[in-house]
Amino acid sequence: MLKRKQKGQGMTEYIIIVALIAVAAIGVYSFFGQTIRNQMAGLSAEVSGQNSQDQIDAAQAAADNGATNADQNYDLGDYNAGADQ
């Protein structure tokens, strides 16, 4: 009987950790998602043999914008305002 409760406790802790990681990943993606998309577009253009300087420049601009937004303090009341920029 005791082993069953311990397994349930371990599963609950695992679910909480996974949920926290998912929330953190969503937060990072909301600030740096445009940078990631531009970098992937540049990578795919380079692999196909095309010039990707436009995507690289867009990724740099998005990274600068994301870094500026990340330096500001947001709380739950205005978090979406920072993610939308």
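Residues numbered from 1 in each chain as written. Predicted model: local features only at pLDDT ≥ 70, side-chain atom pairs only at ≥ 80, totals over all residues. Heavy atoms only, no water.

**Notes on the overall build of the protein**
Broken down by element type, the protein carries 3 helices and 0 strands. Reading the protein from its N terminus to its C terminus gives the helix and strand order α-α-α. Buried residues in the protein amount to 15% of all 85 residues. (Helix = DSSP H or I, 4+ residues; strand = E, 2+ residues; numbered from the N terminus. Buried < 20%, exposed > 50% of the residue type's maximum accessible area, 1.4 Å probe, protein only.)

**Things to note about the UniProt feature "transmembrane region" (unreviewed entry) in the protein**
The feature "transmembrane region" (unreviewed entry), as annotated in UniProt, sits at residues 12–32 in this numbering. For residues 12–32, the end-to-end C-alpha separation is 30 Å, with 100% helix and 0% strand making up the annotated structure. (UniProt positions renumbered as here; feature names shortened; annotations may be inferred.)

**Side note on the side chain of Asn38**
With respect to the element layout, Asn38 can be found in helix H1 (residues 2–47). A polar side-chain atom of Asn38 sits 3.3 Å from the main-chain carbonyl oxygen of Ala58. Setting aside residues no more than four positions away along its own chain, Asn38 makes contact with Gln55, Ala58, Ala59 and Ala62. (Polar contact = N/O pair within 3.5 Å; in protein donor to acceptor, adjacent residues only side chain to side chain. Contact = heavy atoms within 4.5 Å.)

**A closer look at a nonpolar patch on the surface**
On the surface, a nonpolar cluster with roughly 510 Å² of combined accessible area is contributed by Tyr29, Ile36, Met40, Leu43 and Val47. Its location among the elements puts Ile36 in helix H1. (Patch = residues over 30% accessible without salt bridge, like charges linked within 9 Å, V, L, I, M, F, W, Y side chains within 5 Å. Areas by Shrake-Rupley, 256 points an atom, 1.4 Å probe, with all protein chains shown as cover. Salt bridge = Lys/Arg side-chain N within 4 Å of Asp/Glu carboxyl O.)

**With respect to the environment of Ala62**
Relative to the elements of secondary structure, Ala62 occurs in helix H2 (residues 53–71). Separated by 25 residues in the primary sequence, Ala62 and Arg37 place their C-alpha atoms 9.7 Å from one another. Among all residues touching Ala62, those that are not within four sequence positions of it are Gln34, Thr35 and Asn38.

**Section: the side chain of Ser52**
Within the secondary structure, Ser52 is located in the loop between H1 and H2. Exposure remark for Ser52: the relative accessible area of 0% places this residue in the buried category. At a separation of 2.7 Å, a polar atom in the side chain of Ser52 contacts the side chain of Glu46. Filtering out sequence-adjacent residues up to four positions away, Ser52 remains in contact with Gly42, Ala45 and Glu46.

**Let's talk about the confidence of the model for the protein**
Here the protein averages 76 in pLDDT, and 69% of its residues register 70 or above. Predicted confidence in the protein is weakest over helix H3 (residues 79–84), with a mean pLDDT of 55, and strongest over H1, with 81. (pLDDT = per-residue confidence, 0-100.)

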